[in-house]
Amino acid sequence: MTRSIDELLARRNRFLGRGAPLFYAEPVHLVRGEGVWLYGADGRRYMDLYNNVPCVGHAHPRVVEALSRQAATHNVHSRYLDEKIIDYAERLAGLHAQEMSVVFACSGTEANEIAMRMARIGSGGQGFICTNAAYHGNSAEVGKLTHAPLRGRRDVHAIPFPERFRGPAKDLPESEQCAFFLAEVDKAIADFAQQGIPLAGMLVCPILANEGLPRIPKGFMAGAAERVRAAGGLFICDEVQAGFCRTGHWWGYQVAEVVPDIVTSGKPMGNGLPLAACTARRALVDRFREQTRYFNTFAASPLQAAAGMAVLDVIEAEDVRGNVNRTGALLRSGCEALANGHACIGDVRGEGLFVGLEWVKDRSSREADREGAVRAANLLKSRGFLVSNAGALGNVLKIRPPLVFNSEHAGLFLEALDSVLEEMGR
Ligand SMILES: Cc1ncc(COP(=O)(O)O)c(C=O)c1O
């Protein structure tokens, strides 16, 4: 570690508080980004395979130009008429098949706060179902859904997240796995009914990104939505990670084959500018507006609209979704080929440019190997490739580059992964 990193760390601890999290055994000090590349203060170049916020690439000139132009024009809060934000809301709502309206926010947490309030108003209920390894944000209310217990909190019941690789249903055929996890939804609904708490809804990431991107039994999400609606609740998809073409579809709910009542989005929307949204069926948004008079100083601003519009323009002009499908298939098949020769990778999964490599101690027992995934992330970093570990057990190497990651980038990464696997196998 260089002296300057030691100095920065000491100042960081002093002024940001000890224990503010950092990636890697030796942290990276970044000073510049461009496309999928990040540049360190030491002059090193890193390929970014982790960050989903700069979805059209770091410092995309079209986004930078739109932001600069708007910042130099005017920027105000939402209590004035502004055509740009209306245009942006219309364009965003138009990305869904149903008639939707939008409430803007500045973070995924805020979007989920709005979604929960909206679901409570729309359903007249209180209780929420989530999964037991979810993360939807850091506020007091949304934070109740983080690693929530299966039962025991008054207004939140978690269900074991549906997965096919390990867990209680791993040995069943897929249709029975689906039925097993849907029975958990039924149980949560019954628990609320027994406590006299009406259901407000279920909040779930349609690809279970934070749970570790598991293979979800086919039909689970649609079955869960049906049950939740039959019990009077609303089905909310958290698209903060899954949305904006990450999976090769506009929305993760398209992969999960479910139609939500409410959709939340954030991270990639502004390519780095804080921009998030809760998009929902029009009648739900109208009732929410009437009852809450919701206001958020920095949300629904011309600056947010400029950034959001520029991101959508780039996604269309550069055929980002097409690239995600083409390069994602290449990346996954390359990872699968490497996994065939290395028993430490128990499973390769994902959609589009979101790939999870499940690190195991042993393929037959499928015992999770968190340390292996952490070591692989550190070895990749030392070769100039930034990834990280995630998932309920921390053993999934998460590969989630900006969406302008192309076949050449994939080739370089696969070579590096190959050499890391060689080193780890020695
Ligand atoms: C699925 C999901 N939802 C919501 C959030 C919270 O978003 P934010 O950090 O913008 O509040 C996150 C953040 O990691 C997330 O992964």
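What you see is a predicted model, and the numbers here were worked out from it, not measured in a lab.

Enquirer: Please clarify how the pairing of strand β2 (residues 37-40) should be interpreted in this entry.
Expert: On β2, burial covers both faces: Trp37 and Tyr39 on one face and Leu38 and Gly40 on the other are all buried. Inspection of the sheet shows strand β1 (residues 30-34) paired to β2 by 4 bridges, in the antiparallel sense. Pairing of Glu34 across the sheet is with Trp37, part of β2. With antiparallel pairing between neighbouring strands as the criterion, β1 and β2 make up a hairpin whose turn holds 2 residues, including Gly35 at a positive phi of roughly 60°. Pairing between β2 and strand β3 (residues 45-48): 3 bridges, direction antiparallel. Its bridge partner lying in β3, Trp37 is registered against Met47. Joining the antiparallel neighbours β2 and β3 is a turn of 4 residues, in which Gly43 adopts a positive phi near 90°.

Enquirer: What's the story with the packing of aromatic side chains in this structure? I'm lost.
Expert: What characterises a pair of aromatic rings is the spacing of the ring centres plus the angle enclosed by the ring planes. As enumerated under the stated definition, the model contains 10 aromatic pairs in all. Note on Phe23 and Tyr50: the rings are 5.1 Å apart at their centroids and 80° apart in plane angle, and the pair reads as edge-to-face. Here Tyr50 lies in the loop between β3 and α2 (61-71) and Phe23 lies in the loop between α1 (3-16) and β1, a separation of 27 residues in the sequence. For Tyr50, a relative accessible area of 15% translates into the label buried. Taken together, the ring pairs in this structure connect Phe244, Trp250, Trp251 and Tyr253 into an aromatic cluster. Sitting above the plane of the Phe165 ring, Arg366 keeps its charged end 4.5 Å from the centroid.

Enquirer: Got a minute to help me understand unusual backbone geometry in this structure?
Expert: Backbone phi values are negative for most residues with the exception of glycine, while trans is the configuration of most peptide bonds. A positive phi angle is found at Phe244, which is not glycine, with a value near 65°. In this fold, Phe244 is placed in the loop between β8 (234-238) and α8 (252-255). Among the residues examined, Phe244 registers a relative accessible area of 1% and is labelled buried. The backbone of Arg366 sits at a positive phi, close to 60°, despite the residue not being glycine. Summarising the element assignment, Arg366 is placed in the loop between β12 (354-362) and β13 (367-368). By relative accessible area, which is 28% here, Arg366 ends up partly exposed.

Enquirer: What is the right way to look at the side chain of Asn112 in this model?
Expert: With respect to the helices, strands and loops of the structure, Asn112 is situated in helix α4 (residues 108-123). In this structure Asn112 comes out as buried when scored by relative accessible area, which is 0%. Separated by 2.9 Å, the side chains of Asn112 and Thr264 make a polar contact. Each residue touching Asn112, except ones within four places of it in the same chain, is listed here: His136, Val142, Leu203, Asp238 and Thr264.

Enquirer: Looking at this model, I keep getting lost on the site of the ligand. Mind explaining?
Expert: Residues in close proximity to the ligand include Ser107, Gly108, Thr109, Asn112, Tyr135, His136, Gly137, Asn210, Asp238, Val240, Gln241 and Lys267, which together make up its full environment. Separating an oxygen atom of the ligand from a side-chain N or O atom of Thr109 is a distance of 2.5 Å. Taken by itself the ligand offers 390 Å² of open surface, and the protein chains cover 83% of this. Ranked by residue count, the leading element in the shell around the ligand is α4, at 3 residues. The residue makeup of the shell around the ligand, split by class, is 2 nonpolar, 8 polar and 2 charged.

Enquirer: Even after reading the chapter, I still don't get the domain arrangement of the protein, so can you show me in this structure?
Expert: Splitting the protein by domain gives domain 1 (26-56 + 319-425) and domain 2 (62-317). Taken together, the contact between domain 1 and domain 2 spans 37 residues of the former and 33 residues of the latter. Carbon and sulfur atoms supply 57% of the area buried between domain 1 and domain 2, which totals about 2,700 Å² over both sides. Counting the contacts that link domain 1 with domain 2 gives 2 salt bridges. Linking Glu358 and Arg166 is a salt bridge whose minimum nitrogen-to-oxygen distance equals 2.4 Å. For the interface between domain 1 and domain 2, the tally reads 19 residue pairs in polar contact (both at pLDDT 80 or more). For the side of domain 1 that touches domain 2, the elements supplying multiple residues, two or more each, are α11 (320-340), β11 (345-351), β12, β13 and β16 (396-399). Ranked by residue count, the leading element in the side of domain 1 that touches domain 2 is β11, at 6 residues. Tallied by class, residues from the side of domain 1 that touches domain 2 come to 18 nonpolar, 9 polar and 10 charged.

Each value, and the rule that gives it
Residues numbered from 1 in each chain as written. Predicted model: local features only at pLDDT ≥ 70, side-chain atom pairs only at ≥ 80, totals over all residues. Heavy atoms only, no water. Buried < 20%, exposed > 50% of the residue type's maximum accessible area, 1.4 Å probe, protein only. Helix = DSSP H or I, 4+ residues; strand = E, 2+ residues; numbered from the N terminus. Pairing = 2+ DSSP bridges. Phe/Tyr/Trp six-rings, centres within 6.5 Å; stacked < 30°, edge-to-face > 60°. Lys NZ or Arg CZ within 6 Å of the ring centre and 35° of its normal. Polar contact = N/O pair within 3.5 Å; in protein donor to acceptor, adjacent residues only side chain to side chain. Contact = heavy atoms within 4.5 Å. Near = heavy atom within 4 Å. Areas by Shrake-Rupley, 256 points an atom, 1.4 Å probe, with all protein chains shown as cover. Nonpolar A, V, L, I, M, F, W, Y, C, P; charged D, E, K, R; others polar. Domains from an automatic or database assignment. Buried area = accessible area lost by both parts, 1.4 Å probe. Salt bridge = Lys/Arg side-chain N within 4 Å of Asp/Glu carboxyl O.

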